[in-house]
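Each chain, written out:
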Amino acid sequence: MKIIGKYLLLLLFLTGVIANASVSGSNSPNTEVTDLLAEQAFFVKAAKTLKLSHRKAENLEGVSHGYYLIAGVFGSPENASRFKKKLSFKGLRADIILNPENKMHYVSMGYRTSGLDLLDDYKKKIRPSYTDKVWILQVENEIPNLDKSVDYQNQTDQASGEYSSVSFAQLAKANKIATRSLSASENIAAGYYVIGGVFGERTNAERFQARLKSKFLKAGFLKHPEKDLHQVYLDRFDSGLDAIAACNSNFQGKYQENVWILEVTHPIEDSNEEEILEITKLLTENPQPKVNKQLQNRPLNDKLLEKADAYFDKMWYSEAAELYETVLAKGESNYGFKVIERAADAHYFNTNIERAFYWYDMLYRNYRKEMSANNLFRYAHTLKGSGKYARSKRLMRLYDRKIERGEGEEEKDMNKAVPREVILDNILAASGDVEIKNVAVNSRYSDFSPMFYGDDELVYSSSVDSAFLKTRRYKWNNQPFLDLYVAKINKENQEVKDAVKFSKKINTKYHEASVAFSPDNNTMYFTRNNYGKKLKRDKKGVNHLKIYSSRKVNGEWTEAKELPFNSDYYSTGHPALSPDGKQLYFVSDMPGTIGKTDIFVVDILEDGSFSDPRNLGPEINTEQREMFPFISEKKLYFSSDGHVGLGGLDVFEVAYTEEEGFGDVKNLGQPVNSKVDDFSYIIDETSQKGFFASNRRGGKGDDDIYSFQNLVPEEVNENAIAGVITERVTGEVMPGTLVTLLDENNIKLKELLSDEDGSFVFEDLDGNTKYVVKTVKDAYQDHELAVSTLDNERVEVNIEMDKLEKLITIEEGIRKLKVDMIYFDFDKSYIRKDAAESLDKLVATMKEYPRMIIKIESHTDSRGPAVYNKYLSDKRAKSTRAYLIQQGIDPKRIQSAIGYGEERLLNECDGTVRCTSQQHQRNRRSEFIIVSM
């Protein structure tokens, strides 16, 4: 019998399903199909047990047959690459696969030919370090026939479902590929490495690796554990078959030189007894289902849809989105307007822009006329989030038209919503490269409010208390009261271990939390319940919080004293000291609070007394909650659910200087912030390492402490000017437009043609510098736009160009070419530079309309003798005519060029009133009358 994988083998024997079967015997086709169905049935059950959703796709071009662990789906390759890079910073290997049917990019964290092996990898290797949601894509392609000269039937490795080293070596030999093997170690992961070169010197290996990467190969190098050699590989594969296939294709033509494969193996891990019993129980209680193909095209599952709608109405958008996806996955017969709309909306409100775009795009393709203004607005927003700026702009025009027709009244607050959407878009786009890790001291209860203590210790709040777990719990979440703990920090890996209670003098039978220490670590401030012999409550029965301080004397903390601005009628808490120890920041709902809780500050005076509390003001505090302040030498950090964020409490930062005070509030973005509460953030600005707390999924308890390190990238010049060029009336993009970048002095710096989507970008520019962007295209008026760069940021501009036919106007029944005024210097008839630019537009229009005939009329101001002025204006008319002919206009198309002197003034400056030079200049002009077209 053919063995599918180790779990299936164990299950079949434990449940007596295949007693007396021979491992080495041959199978009939029906038996092999039965095995495959059994494995698939168990895989589905096992995936469900691990809470992993599962979808199928058939015959994806360029994608290998098998199972993929998907961490994210993106519309644009740039977003997929950005997400893949974030995973790499966490030490996770990922690949991107393209679904040619929906053009979506799937970021895969693992691949196996066996679904059960993939689940095993997920449970043992991925889930311990990656807690965000993932799902499995099963790709069913036609499997190519293997070389008939090699007997693969009975060479399957029972431990992993891959081919054994013998059959792999035979297959490689049949394909004329040399192989070697090596045992996996701590520094070398198991897999199949396609080796391109071996070097003694590390620098030579690095140079060769860089050469391979320039060919867009996923190159790296291994150091042999016994020999002082560096083996440079083109790529690493989980499957030996994939490695051989890559060699045979010369890596899709990217690398033509000789290679060989290094097979790195690891010992087989036996499943533990508990896991076997769990799997056995699953298979026994859930027998293999029978496939009924007639059920595949059943009508919409009303109960499933009702549940999805119920979740949506409760604003449980994540759960609703998953159910809508399940309904829609049953077939296109379920693709009704309402279902697609709600699937798109659920993803949109859950900030899953990629999936929202997919379903809004589906809605637009199938139900364009039925789409509301709200649908169009959200579709446009997802287009922008997917990098499709030009198309987004056109959709916003459609949205504007619907609003003008009164079709968007249900979104009366839409204009207020737009800035929040823009801010949220910026938050998602600006998410930084941060490595986070759940620390070892976390319990199944609440652990939060970390604070640095000395050089290598961390004090934090926790409700874990093994001595009182059954007796001393507070009511609102049935967890023990909070105490302060101190633990050791390993500065190399940011791990926190060996936690003990902080001090018996500080910890009491009620809450102690949120501590701050003076620069010399001899004074501490912390939060505690308001209590004497028992808890004190106000008239409403509320027990408020207070801030206490304690001094260290002879190495011991003294009895704590409450601060003078505490009260029995409001709460104070979450103390934070400035780096110099002269200011104490805290949170309170005292009178004068803007929102539910605000951040205040007091000065600590030389005699140890405190100034009156000052509210930090509406730039920091909102009508909601601001909490957990922390201030470093450079910035104030705090948590809020009032500023725009990703959900729950988010961590924000505000730059601070003595001269200018606080700057703009900025969201730290992902991965520090999530869809739930993220708070009590502290950081060492020098090392860019710190800690924060969160109740995100995947933690050990209610609130967990996470360490983080900001991965500071190499400093790059982000100064750029980018934009999209469109036709003003239709909104159509304008590819092939000549775009020129000029400096302040009109000197050309760079020049390019706009892309097919009308976009352009000028990069590597100077910061805080004024530029001019000039656009030129046949049949359109030239356009100039003054743009200033910022400090290491990309500036986005939108340019709308007008057709030249707009120069043709009718004034008092006379057709004219309306260009910018053709001005002349006093007593001169030569063509000025600004006049030449205006005349060039006229030349372009005449070339677009080759049958157009014009006449030129030139005028002067009233200064000087009238006879001379008429003479001068005639010279100017002739000078204008000569310029047009010089630019290629046939002289026959200029009927006349006549000067009228001061006979047709545009204002009252006829010599009888006092006028400025500018007023006189208005009268010095040329006009162009269209005789025929």
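Since the structure is predicted, the reported quantities are computational estimates derived from the model, not experimental observations.

With that out of the way, let us pick up the overall build of the chain. The number of helices and strands found in the chain is 19 helices and 45 strands. A burial count over the chain gives 48% of its 933 residues as buried. Excluding contacts between residues fewer than 6 apart, the proportion of contacts in the chain whose partners are at least 24 apart in sequence is 60%. Summing over all exposed atoms, the chain offers an accessible surface of approximately 49,300 Å²; the carbon and sulfur share of this is 49%.

Before going further, it helps to examine unusual backbone geometry. Of note, the amide linkage connecting Q670 to P671 takes the cis form, showing an omega dihedral of 5°. Position of P671 among the secondary structure elements: in the loop between β30 (661-667) and β31 (678-684). Within the chain, K51 stands out as a residue other than glycine whose phi angle is a positive 60°. Looking at the secondary structure, you find K51 in the loop between α2 (29-49) and β1 (53-58). Given the relative accessible area of 73%, K51 is considered exposed.

A few words on a negative patch on the surface. Residues D580, E658, E659 and E660 make up a contiguous surface patch of negative charge. Take E658: it is sitting in the loop between β29 (650-657) and β30. By relative accessible area, E658 is classed as exposed at 66%.

Glancing now at the packing of aromatic side chains. Each pair of aromatic rings is reported with the distance of its centres and the angle of its planes. Counting across every chain of the model gives 34 aromatic pairs. Look at F448 and F679: their rings are 6.0 Å apart centre to centre, the planes differ by 55°, and that puts the pair in the tilted class. Of the two residues, F448 is situated in strand β12 (residues 447-453) and F679 in strand β31; the sequence distance between them amounts to 231 residues. Note on accessibility: F448 and F679 belong to one class, buried. Ring geometry for F692 and Y706: centres 5.7 Å apart, planes at 20°, overall stacked. Of this pair, F692 sits in strand β32 (residues 689-694) while Y706 sits in strand β33 (residues 704-710); the two residues are 14 residues apart in sequence, bridging distant segments of the chain. For the pair F692 and Y706, one class covers both residues: buried. One residue, R355, lies across the ring of Y358, its end atom 4.5 Å from the ring centre. Residue placement shows R904 over the ring face of Y900; its charged tip is 4.0 Å from the ring centre.

Within a sheet, neighbouring strands are paired by backbone hydrogen bonds and run either parallel or antiparallel to one another. Taking strand neighbours across the sheet as the criterion, the 4 strands line up as β23-β24-β25-β26 in an open arrangement whose pairing is antiparallel. Where the open sheet ends on each side, the last strands, each with one partner, are β23 (572-577) and β26 (614-615). With 2 bridges connecting them, strand β25 (residues 598-603) and β26 associate as antiparallel partners. Note on β26: the bridge partner recorded for V601 is R614.

Turning next to empty space enclosed by the protein. Applying the stated criterion to the full structure yields 5 cavities of 30 Å³ or more. Along the walls of the largest cavity sit 14 residues, with S449, M451, P575, F628 and P629 positioned nearest its centre. Of all the elements in the fold, those that place two or more residues in the lining of the largest cavity are β12, β18 (512-517), β23, β27 (626-631) and β31. Of the residues belonging to the lining of the largest cavity, the class tally is 10 nonpolar, 4 polar and no charged.

This brings us to the sheet that holds strand β4 (residues 104-112). Taking strand neighbours across the sheet as the criterion, the 5 strands line up as β1-β5-β2-β4-β3 in an open arrangement whose pairing is mixed. At either end of the open sheet lies a strand with only one pairing partner, and these are β1 and β3 (95-99). Strand-to-strand, the axes of this sheet are offset by a mean angle of 40°, without reference to chain direction. Across 6 bridges, the pairing between β1 and strand β5 (residues 135-140) is parallel. Note that in β5 the partner of S53 across the bridge is W135.

Another point: helix α11 (residues 317-328). Its 12 residues place the ends of α11 16 Å apart at the C-alpha level, agreeing with the 16 Å of an ideal helix rising 1.5 Å per residue. Within the span of α11, buried status applies to Y317, A320, A321, L323, Y324, E325, V327 and L328.

As enumerated under the stated definition, the model contains 1 disulfide in all. In this model, C909 is linked to C915 through a disulfide, with the two sulfur atoms separated by 2.1 Å. Linking C909 and C915, the disulfide has an S-S dihedral of approximately -100° and is accordingly described as left-handed. Each of the two residues, C909 as well as C915, counts as buried.

The relative placement of two packed helices is expressed as an angle between their axes plus a distance between the axes. The geometry of helix α12 (residues 337-349) relative to helix α13 (residues 353-367) is characterised by a closest axis approach of 8 Å and an angle of 155° between their N-to-C directions. In terms of their interaxial angle, α12 and α13 are classed as roughly antiparallel. Of the two elements, α12 crosses α13, and the hand of that crossing is left-handed. In contact with F337, I340, E341, A343, A344, D345, H347 and Y348 of α12, α13 contributes R355, A356, W359, Y360, M362, L363 and Y367. For the contact of α12 with α13, the class distribution of residues is 11 nonpolar, 1 polar and 3 charged.

Here we take up the pattern of salt bridges. Enumeration over the complete set of coordinates arrives at 28 salt bridges. Across the salt bridge formed by K125 and D121, the nearest N and O atoms sit 3.7 Å from each other. With a gap of 4 residues between them, K125 and D121 both fall in helix α4 (residues 115-126), about one helical turn apart. Among the residues examined, D121 registers a relative accessible area of 11% and is labelled buried. Where D874 meets K878, a salt bridge forms, and the shortest distance between an N and an O atom there is 3.0 Å. Here D874 pairs with K878, and both are found in helix α18 (residues 866-886), just 4 residues apart, close to one helical turn. Among the charged side chains, a network of salt bridges with common partners joins R93, D95, K218 and D235.

On to the nonpolar core, then. One finds Y68, Y106, L137, Y324, I340, W359 and Y379 to be the most contacted residues of the largest nonpolar core, which totals 49 residues. It is α13 that contributes the most residues to this core, 9 residues altogether. With sequence-adjacent residues up to four places away left out, W359 is seen in contact with E325, L328, Y335, I340, A343, A344 and H347.

Strand direction decides the pairing type here: strand β16 (residues 483-490) and strand β17 (residues 495-501), joined by 5 bridges, are antiparallel. Paired with I489 across the bridge in β17 is V496.

Before going further, it helps to examine the environment of Q624. Relative to the helices and strands, Q624 is located in the loop between β26 and β27. Since its relative accessible area comes to 30%, Q624 is described here as partly exposed. Distance in space between the C-alpha atoms of Q624 and S640 is 7.5 Å, their sequence separation being 16 residues. What Q624 contacts, discounting residues up to four positions off in sequence, is G595, K596, T597, D641 and G642.

This paragraph deals with the packing of helix α10 (residues 302-313) against α12. At their nearest, the axes of α10 and α12 sit 11 Å apart, and the two run at 40° to each other. Taken together, the axes of α10 and α12 are oblique relative to one another. Handedness of the α10/α12 crossing: left-handed. Between α10 and α12, the residues in contact are L305, D309, F312 and D313 and V339, R342, D345, A346 and F349, respectively. Taken together, the residues of the contact of α10 with α12 break down into 5 nonpolar, no polar and 4 charged.

Checked against the element boundaries, F349 lands in helix α12. Accessibility expressed as a relative area gives 35% for F349, which makes it partly exposed. C-alpha of F349 to C-alpha of R378: the two residues are 29 residues apart in sequence and 9.8 Å apart in space.

What follows is about the side chain of D235. With respect to the helices, strands and loops of the structure, D235 is situated in strand β9 (residues 230-237). For D235, a relative accessible area of 11% corresponds to the buried category. In this structure the side chain of D235 is engaged in a polar contact, spanning 3.1 Å, whose partner is the side chain of R93. Residues contacting D235, with those up to four places away along its chain left out, are R93, Y192, Y193, V194, K218 and F251.

The rules behind each value
- Note on numbering: residues in each chain are counted from 1, in written sequence order.
- With pLDDT at 70 or above as the cut-off, local features in this predicted model cover only qualifying residues; side-chain atom pairs require 80 or more to be listed or tallied, and sums for whole chains, interfaces and linings still use all residues.
- To get the side-chain values, all heavy atoms of the structure are used, and hydrogens and water are removed first.
- Numbering of helices and strands runs from the N terminus; a helix is a DSSP stretch of H or I covering at least four residues, while a strand is a stretch of E covering at least two.
- When accessible area is computed with a 1.4 Å probe and restricted to protein chains, residues below 20% of their type maximum are described as buried, those above 50% as exposed, and intermediate ones as partly exposed.
- Here, two residues are considered to be in contact whenever any of their heavy atoms come within 4.5 Å of each other.
- Only the protein chains shown count as cover for residues, with accessible areas throughout obtained via the Shrake-Rupley method and a probe of 1.4 Å.
- Residues enter patches when their relative accessible area tops 30% and they take part in no salt bridge; the joining distance is 9 Å for like charges and 5 Å for the nonpolar side chains Val, Leu, Ile, Met, Phe, Trp and Tyr.
- Take a side-chain nitrogen of Lys or Arg and a carboxyl oxygen of Asp or Glu: if they are within 4 Å of each other, that pair is a salt bridge.
- Only four residue types enter the tally: Lys and Arg on the positive side, Asp and Glu on the negative side, with His and both chain ends excluded.
- Where a charge lies is defined by one atom per residue type: Lys uses NZ, Arg uses CZ, Asp uses CG and Glu uses CD.
- Stacked, tilted and edge-to-face pairs are distinguished by plane angle, under 30 degrees for stacked and over 60 for edge-to-face with tilted covering the rest, among Phe, Tyr and Trp rings (Trp via its six-membered ring) whose centres lie within 6.5 Å.
- Think of it as a cone above the ring: NZ of Lys or CZ of Arg counts as a charge over the ring if it is within 6 Å of the ring centre and within 35 degrees of the ring normal.
- At least two DSSP bridges between two strands are needed for those strands to be called paired.
- Only protein atoms enter the 1 Å grid used here, on which a cavity is any set of points holding a 1.4 Å probe that cannot leave and a pocket is any open set flanked by protein within 12 Å on both sides along at least five of seven lines; residues with an atom within 4 Å of a point are listed as lining.
- Grid points are joined across faces, edges and corners, and a volume is the space filled by probe spheres set on the points.
- Residues are grouped as follows: nonpolar covers Ala, Val, Leu, Ile, Met, Phe, Trp, Tyr, Cys and Pro; charged covers Asp, Glu, Lys and Arg; every other residue, Gly included, is treated as polar.
- Lines fitted to C-alpha atoms define the axes here, with helix axes fitted over just the stretch in contact, and angles between the N-to-C directions of these axes take values from 0 to 180 degrees.
- Under the convention used throughout, the expected extent of a helix is 1.5 Å for every residue step, that is, one less than its residue count.
- Put simply, a disulfide is two cysteine sulfurs that come within 2.5 Å.
- Working rule for angles: under 35 degrees goes down as roughly parallel, over 145 as roughly antiparallel, 65 to 115 as roughly perpendicular, anything else as oblique.
- For a crossing to be left-handed, the near helix must be turned anticlockwise from the far one by less than a right angle; the clockwise case is right-handed.
- Buried Ala, Val, Leu, Ile, Met, Phe, Trp, Tyr and Cys residues that are joined via side-chain atoms within 4.5 Å together make up what is termed a nonpolar core.
- Here a polar contact means two N or O atoms within 3.5 Å. Within protein one must be a hydrogen donor candidate and the other an acceptor candidate, and residues neighboring in sequence count only if both atoms are side-chain atoms.

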